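Per-entry structural report
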Amino acid sequence: LAVSDERRVSTQVHGDYRLEFLIPEEYVGAFIGKKGANLNQMRGPAGNGVSINVRDDPITLGSNKVTLCTLFGPAEEMGNTIERAAKWLGDISIRVQMDREAGQA
């Protein structure tokens with residue numbers, strides 16, 4: 001029985017996905033959403049094993065400050081989480097472009 005449990009845990013660890021990406025610091029709030037609403041939507045149903053970690057301290061890259069975000073969880077759940085995160089990141093990308101264009105006007 002103990003060996004069976006160890007194999008299950010080992011398989012689960014190897015079946016996990018991890019995705020890390022950077023978000024411009026000034027858009028982290030939009031990514032998280034009010035009271036974490038966007039993160040909760042991205043994560044999906046409670047108890048699905050997906051975790052989302054948004055680092056507290058930004059990283060400086062040249063003249064830009066960015067925040068590291070990590071998505072981690074079982075492969076079968078992460079597909080949906082990655083799709084949801086990609087949607088929010090796409091929206092943020094559009095906002096960044098619009099803000100840059102407005103600043104050049």
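Residues numbered from 1 in each chain as written. Predicted model: local features only at pLDDT ≥ 70, side-chain atom pairs only at ≥ 80, totals over all residues. Heavy atoms only, no water.

1. Quick word on the overall build of the chain
Of the regular secondary structure elements, the chain holds 4 helices and 4 strands. Going residue by residue from the N terminus, the α and β elements of the chain occur as α-β-α-α-β-β-β-α. Burial statistics for the chain: of 105 residues in total, 24% are counted as buried. Looking at the chain alone, contacts between residues at least 24 apart form 64% of all its contacts between residues at least 6 apart. Per element, the accessible surface of the chain, about 7,300 Å² overall, is 53% carbon and sulfur. (Helix = DSSP H or I, 4+ residues; strand = E, 2+ residues; numbered from the N terminus. Buried < 20%, exposed > 50% of the residue type's maximum accessible area, 1.4 Å probe, protein only. Contact = heavy atoms within 4.5 Å. Areas by Shrake-Rupley, 256 points an atom, 1.4 Å probe, with all protein chains shown as cover.)

2. Thoughts on the layout of surface pockets
A water-sized probe rolled over the atoms picks out the places where empty space is left. Its boundaries defined by the atoms lining it, the largest pocket holds a volume of some 170 Å³. As for the largest pocket, its lining consists of Pro24, Glu26, Tyr27, Ser63, Asn64, Lys65, Val66, Val96, Asp99 and Arg100. Mapped by element, the contributors of at least two residues to the lining of the largest pocket are strand 4 (64–74) and helix 4 (75–104). Here the lining of the largest pocket is built from residues that sort into 4 nonpolar, 2 polar and 4 charged. (1 Å grid on protein atoms, 1.4 Å probe; cavity = no way out; pocket = protein on both sides within 12 Å on 5 of 7 lines; lining within 4 Å. Points joined across faces, edges and corners; volume = space filled by probe spheres on them. Nonpolar A, V, L, I, M, F, W, Y, C, P; charged D, E, K, R; others polar.)

3. A closer look at the environment of Ile92
Among the structural elements, Ile92 can be located in helix 4. On the basis of relative accessibility, which here comes to 5%, the residue Ile92 falls in the buried class. Taking the C-alpha atoms as reference, Ile92 lies 9.2 Å from Val28; in sequence the two are 64 residues apart. For Ile92, the residues in contact, after removing those within four places along its chain, are Tyr27 and Phe31.

4. Brief notes about the pattern of salt bridges
Scanning all chains against the criterion turns up 3 salt bridges. Arg18 is paired through a salt bridge with Glu20; the nearest N and O atoms lie 3.1 Å apart. Using a relative accessible area of 42% as the deciding quantity, one classes Glu20 as partly exposed. Between Lys87 and Asp91 there is a salt bridge, and its shortest N-O distance comes to 2.7 Å. Here Asp91 and Lys87 lie together in helix 4, a separation of 4 residues that amounts to about one turn. Looking at Lys87, the relative accessible area reads 48%, which means it is partly exposed. (Salt bridge = Lys/Arg side-chain N within 4 Å of Asp/Glu carboxyl O.)

5. Notes on the nonpolar core
By size, the foremost hydrophobic cluster in this structure holds 16 residues, and its most contacted members are Ile23, Phe31, Ile52, Val54, Cys69 and Leu71. Among the secondary structure elements, those contributing two or more residues to this core are strand 1 (16–24), helix 2 (28–32), helix 3 (37–43), strand 2 (51–54), strand 4 and helix 4. At 4 residues, the largest contribution of residues to this core is made by helix 4. In this structure, Val54 is in contact with Val28, Phe31, Ile32, Leu39, Thr67, Leu68 and Cys69, ignoring residues within four places of it in sequence. (Core = buried A, V, L, I, M, F, W, Y, C linked by side-chain atoms within 4.5 Å.)

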